[in-house]
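Residue-level structure breakdown
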Amino acid sequence: FMVAAQLWQFSGDPDYLEDAHLMYYNALGHTQRENGGFGLDNCPNLKDGTLAVYADEAYWCCTMRGGEGLAAAVRYNYFMGGKGDVYVPFFNNSEVTVDIPAGETTLRQKSGYPYQGDVVLEVLDSKAANKAVRLHLFMPEWAESPTINVNDKPVSYKKENGFAVLKARLKKGDRIHYTFGMTPRIQQLSNKSLKGTGYRKIVYGPLVLGYQGKKIQQLTEQAVFNRLDNDHWQLGNKEDIKFSPIFHVLDPKVKEKSGYQKQIIFEVPGQ
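The shown structure was predicted, so the numbers you read here are calculated from the model rather than taken from an experiment.

1. Re the packing of helix H1 (residues 2-11) against helix H2 (residues 14-31)
The geometry of H1 relative to H2 is characterised by a closest axis approach of 8 Å and an angle of 160 degrees between their N-to-C directions. Classified by the interaxial angle, the pair formed by H1 and H2 is roughly antiparallel. Of the two elements, H1 crosses H2, and the hand of that crossing is left-handed. Where H1 abuts H2, its residues Ala4, Ala5, Leu7, Trp8 and Ser11 lie against Pro14, Tyr16, Leu17, Asp19, Ala20 and Met23. For the contact of H1 with H2, the per-class residue count stands at 9 nonpolar, 1 polar and 1 charged.

Following this line, the structure appears as structure tokens:
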């Protein structure tokens, strides 16, 4: 996660930033345990396609590395460009004061991501009201029909290197509302070393979705997923086949002796 974010920082390639989102939610966000430490998972394969807990915590290694990753995630919420541009590469509830050439500015971010494409930036204080600032809001490939409103009025933006870029005079009290849609998608596996072409994963935005129950042996490329609530979907009208993200926040059920597992690799016949 840290290397991917830094590769984006120095190269400007948005693919690295998308990788960092996937790593944060599906790796850091799954291996953290209910006590805050970090443990080990199995390596899912084509034989059974399930993700499970291999060890509850590796306090001598993973917990330290995971803590370092979480601390980096806080730092990575905002970046400054060479000309005083402000970059927002991740979406989290947060508050930041940026010292830009136009003047020191304090922003508060409220976000429903990764469950909703909904980000609000409120200007709490600003000394930059007399000069326009270039604000870069990350636009990942899974963001559908993005829109930006400033004080409830739609504004135009440019797409540059994976970001929606708008110029704005940031005045105290201004409210920037960035929204985009996300839908469940069936995609090829990221791990190219798995020798099989007829296998897929299910994703919603940056979240890998898993099935907890008796394993589904097959899906179709045309499968439809209906959202039930904030973090549950069902396959079509099949009430007994439900999916949820492998990302969790200190879920006590994610432990070795609980029998927890989720199927995350699905066979798609004819592919």
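2. Points about the packing of aromatic side chains
Inspection of the entire model under this criterion finds 23 aromatic pairs. An angle of 65 degrees between the planes, with centres 6.2 Å apart, marks the rings of Trp8 and Tyr87 as edge-to-face. A residue pair is termed long-range when its members are at least 10 positions apart, and Trp8 in helix H1 and Tyr87 in strand E4 (residues 86-88) qualify at 79 residues. In this structure Trp8 comes out as buried when scored by relative accessible area, which is 6%. Under the relative-accessibility criterion, Tyr87 is labelled partly exposed at 21%. Plain terms: the ring middles of Tyr204 and Trp233 are 4.8 Å apart, the flat faces sit at 45 degrees to each other, and that makes the pair tilted. Residue Tyr204 is found in strand E15 (residues 199-204), and its partner Trp233 is found in strand E18 (residues 232-235); the two are separated by 29 residues along the sequence.

3. What to know about the sheet that holds E4
What the 5 strands build is an open sheet, ordered E3-E4-E8-E12-E11; its pairing is mixed. Taken across any chain shown, the strands that pair with only one partner, and hence form the sheet edges, are strand E3 (79-80) and strand E11 (158-160). Bridge count for strand E8 (residues 133-138) against strand E12 (residues 163-168) is 6 bridges, and the pairing is antiparallel. Within E12, the residue paired with Phe138 across the bridge is Phe163.

4. A few points about the sheet that holds strand E6 (residues 103-111)
Spatially, 6 strands are ordered E5-E6-E7-E13-E9-E10 in an open sheet, and the strand pairing comes out antiparallel. Edge positions in the open sheet fall to strand E5 (94-100) and strand E10 (153-154), since each of these has one partner strand only. Direction of pairing for strand E7 (residues 117-126) relative to strand E13 (residues 175-181): antiparallel, over a ladder of 6 bridges. Residue pairing across strands places Val120 opposite His177, the latter belonging to E13.

5. Re the pairing of E5
With burial as the criterion, only one face of E5 is covered, namely that bearing Ser94, Val96, Val98 and Ile100; the residues Glu95, Thr97 and Asp99 on the opposite face remain uncovered. As judged from the 7 bridges shared by E5 and E6, these two strands associate in the antiparallel manner. Opposite Val96, over in E6, you have Leu107 as the bridge partner.

6. Re the environment of Ala168
Note that Ala168 resides in strand E12. Taking C-alpha positions, Ala168 is 11 Å from Ser156, a pair spaced 12 residues apart along the chain. Leave out the neighbours within four places in its chain, and Ala168 touches Lys131, Ala132 and Val133.

7. What about unusual backbone geometry?
The peptide bond linking Tyr113 to Pro114 adopts the cis configuration, its omega dihedral lying at 10 degrees. Structurally, Pro114 can be placed in the loop between E6 and E7. The residue Asn161 is not glycine, and still its phi comes out positive at about 50 degrees. Relative to the elements of secondary structure, Asn161 occurs in the loop between E11 and E12. Accessibility expressed as a relative area gives 57% for Asn161, which makes it exposed.

8. Let's talk about the environment of Asn77
Position of Asn77 relative to the elements: it lies in the loop between helix H3 (62-75) and E3. Judged by relative accessible area, Asn77 falls into the buried class, the value being 7%. Filtering out sequence-adjacent residues up to four positions away, Asn77 remains in contact with Tyr87, Val88, Pro89, Phe90 and Asn92.

9. Brief notes about the pattern of salt bridges
Inspection of the entire model under this criterion finds 11 salt bridges. With a shortest N-O distance of 4.0 Å, Glu95 and Arg108 are connected by a salt bridge. Taken together, the positions of Glu95 in strand E5 and Arg108 in strand E6 put the pair 13 residues apart, joining distant regions of the chain. Relative accessible area serves as the criterion here: at 53%, Glu95 is assigned to the exposed category. Its salt-bridge partner being Arg185, residue Glu141 comes within 3.2 Å of it at the nearest N-O pair. In this pair, Glu141 sits in the loop between E8 and strand E9 (144-150) while Arg185 sits in strand E14 (residues 184-188), placing the two residues 44 residues apart along the sequence. Taking relative accessible area as the criterion, Glu141 reaches 47% and is therefore assigned partly exposed. Residue classification places Arg185 among the buried positions, given a relative accessible area of 18%. Among the charged side chains, a salt-bridge network with shared partners connects Asp85, Arg134 and Glu160.

What counts, and where the lines are drawn
- Residues numbered from 1 in each chain as written.
- Predicted model: local features only at pLDDT ≥ 70, side-chain atom pairs only at ≥ 80, totals over all residues.
- Heavy atoms only, no water.
- Axes fitted to C-alpha atoms, helices over the stretch in contact; angles between N-to-C directions.
- Helix = DSSP H or I, 4+ residues; strand = E, 2+ residues; numbered from the N terminus.
- Parallel < 35°, antiparallel > 145°, perpendicular 65-115°, else oblique.
- Left-handed = near helix turned anticlockwise from the far one by under 90°.
- Contact = heavy atoms within 4.5 Å.
- Nonpolar A, V, L, I, M, F, W, Y, C, P; charged D, E, K, R; others polar.
- Phe/Tyr/Trp six-rings, centres within 6.5 Å; stacked < 30°, edge-to-face > 60°.
- Buried < 20%, exposed > 50% of the residue type's maximum accessible area, 1.4 Å probe, protein only.
- Pairing = 2+ DSSP bridges.
- Salt bridge = Lys/Arg side-chain N within 4 Å of Asp/Glu carboxyl O.

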